[in-house]
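# Overview (structure and organization)
Chain residues, written in single-letter form:
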Amino acid sequence: MNILFVASELFPYVKTGGLGDVMAALPRAMRALGAEVRLLLPAYPALLEAVELQGEVTALPELMGGGPARILRAEAPGLPLYLLDQPAFFDRPGGPYGQPEDLAHRFAALSWAASFLGRVGDVAGWRPEVLHGHDWHTGLMPAYVAYGEGPRPATVMTIHNIAFQGRFSAALLSELWLPRHALTPEGVEFHGDIGFLKGGLRLADRISTVSPTYAREIQLAGGHGLEGLLAHRRGDLHGILNGVDRTVWSPAKDAHLVSRYDLKHPGRRAPNRPDFQRRMGLQEDPGAPLFAAISRLDPLKGLDLVLDNVDHLVSQGAQLAVIGTGDPHAEGAFRQAAQRHPGRVAVFIGYDEALAHRTFAAADVILVPSRQEPCGLTQLYAQGYGALPLVRRTGGLADTVVGVTPETLADDTATGFQFDWATGWALGEAINEALRLFRDPATWRQVQRRGMATEFGWEGPARAYLDLYATIPPEGI
Ligand code: ADP
């Protein structure tokens, strides 16, 4: 089956979060199962420089007000690509979502290019039977398919984060090459505006999101205004967990670490800790439980609950390292916390892939106190690297971490700690639970081993997506 993924990020070239990781791993896992998956992305300079270009599919004199555009064929290792080369939209500073004045036009252009490939195919005669869009950036793709002419490929939308929806003025309708009749509740209209994600979720043949619990939550209180639509479409909505790319995230092969280790040699994990402490400016205190968070600093990530617990952690003899960037207020608050507790609290404001790897290999506990978490990857990486995740019981965090209880310890299924209420106090209670277990090294190692032994591979999810496509009636495909 021919499948075209459409997305705005691809690790290691363009990544702001989990979406980039998933786009690198899932298509390759599906290809390993025999599906002909290709990926359409904007031709960001970082991509153009890194991948092998293989010629032009089509040239358009004008696309979505951004001037001339070309669709190029390219190849990343093990992954055929199409790149939408439109310099006015995609060759500029600020990252994929910077310079918001023409955000709608840019991603409408990407969505339209996807529908073009779905209708016409490429010069070599390859045409996707399924167009699979990821997040709001591709939300108009099902609309261009629905309102366009010619062969109609099946369409699937995956929600990686429903908090980002791409909502723009209805005055842009014709600039975005949408017909007047698209502006209805059955189309792209959302409270009088154009809703990119809303339109995609209304018009796609199937919808998925990245964990079963999140699939339920977004039909209830967590849908950011799209609960009703998703509840209406619940028969077409599926929750499929993300996996971990072990070619990138494996402590046995990780070039970023001073000492590599695995389940058979857990003792080799130890040297990573003083190395990390030195790099971060933390005291090399071997006995201190080391808590860490690696996250976008966004209110939904719940890092304010960690701020509430800084003094508590320090008073209990723990250390805290935070690696993140985002909300300037949160950045400032963490910087102040580090100044207040030199050597005990350290903060790196910025994005550093290598440091993230080193953190998972050094920390005892990875804090993931998200208010909402569609799937979450850091708690999966933490388990593989022998750090125990401490998570709020929401979305994918609920589905992938087994909290420590007398029962889960007895049947050796526990992999971390969970708490329910999004309050500093509730997180503090879970921190206390972690500190108690830390004083019982044998049990700690049991939980650590269980986490390291949990695979979270991509093959199962890849099969689930192929099964999902197979549920679309033939006239859709
Ligand atoms: P989201 O996609 O909502 O940001 P995920 O947990 O799904 O959250 O994915 C986050 C990814 O981004 C992980 O790979 C994590 O290691 C990485 N990450 C987040 N912040 C940073 C940072 N400041 N430096 C390095 N990596 C980061």
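Every value quoted in this text rests on a predicted model; they were computed, and no experiment measured them.

### A closer look at the packing of aromatic side chains
Under the definition given, this model contains 17 aromatic pairs. Pairing Phe-107 with Trp-136 gives two aromatic rings, centres 5.4 Å apart and planes at 75 degrees, and the pair type is edge-to-face. Here Phe-107 is found in helix 4 (residues 103–120), whereas its partner Trp-136 is found in the loop between strand 6 (130–134) and helix 5 (141–147), with 29 residues between them in sequence. Relative accessible area serves as the criterion here: at 0%, Phe-107 is assigned to the buried category. The class of Trp-136 is buried, set by a relative accessible area of 8%. Site record: aromatic cluster; members linked through ring pairs are Tyr-97, Phe-107, Trp-136, Phe-168 and Phe-196. Over the face of the ring belonging to Tyr-82 we find Arg-73, whose NZ or CZ atom lies 5.7 Å from the ring centre.

### Let's talk about the site of the ligand
Residues in contact with the ligand amount to 18 residues; listed here are only the nearest, Gly-18, Arg-296, Lys-301, Gly-350 and Leu-377. Elements with a contribution of two residues or more to the shell around the ligand: helix 1 (18–32), strand 13 (290–297), strand 14 (319–326) and helix 14 (378–384). Residue contributions to the shell around the ligand peak at 3 residues, all from strand 13. When residues of the shell around the ligand are assigned to domains, at least three map to each of domain 1 (2–243 + 459–470) and domain 2 (266–453).

### As for the nonpolar core
Counting residues in hydrophobic clusters, the biggest one holds 98 residues, and the most contacted among them are Leu-10, Met-30, Leu-47, Leu-81, Leu-176, Leu-178 and Phe-196. If one sorts the elements of this core by residue count, helix 4 sits on top with 11 residues. Not counting residues up to four positions away in its chain, the partners in contact with Met-30 are Ile-3, Phe-5, Ala-35, Val-37, Ala-462, Tyr-465, Leu-466 and Tyr-469. With 33 residues, the next largest nonpolar core counts Val-322, Ala-337, Leu-388 and Ala-430 among its residues.

Definitions and cut-offs
Residues numbered from 1 in each chain as written. Predicted model: local features only at pLDDT ≥ 70, side-chain atom pairs only at ≥ 80, totals over all residues. Heavy atoms only, no water. Phe/Tyr/Trp six-rings, centres within 6.5 Å; stacked < 30°, edge-to-face > 60°. Helix = DSSP H or I, 4+ residues; strand = E, 2+ residues; numbered from the N terminus. Buried < 20%, exposed > 50% of the residue type's maximum accessible area, 1.4 Å probe, protein only. Lys NZ or Arg CZ within 6 Å of the ring centre and 35° of its normal. Near = heavy atom within 4 Å. Domains from an automatic or database assignment. Core = buried A, V, L, I, M, F, W, Y, C linked by side-chain atoms within 4.5 Å. Contact = heavy atoms within 4.5 Å.

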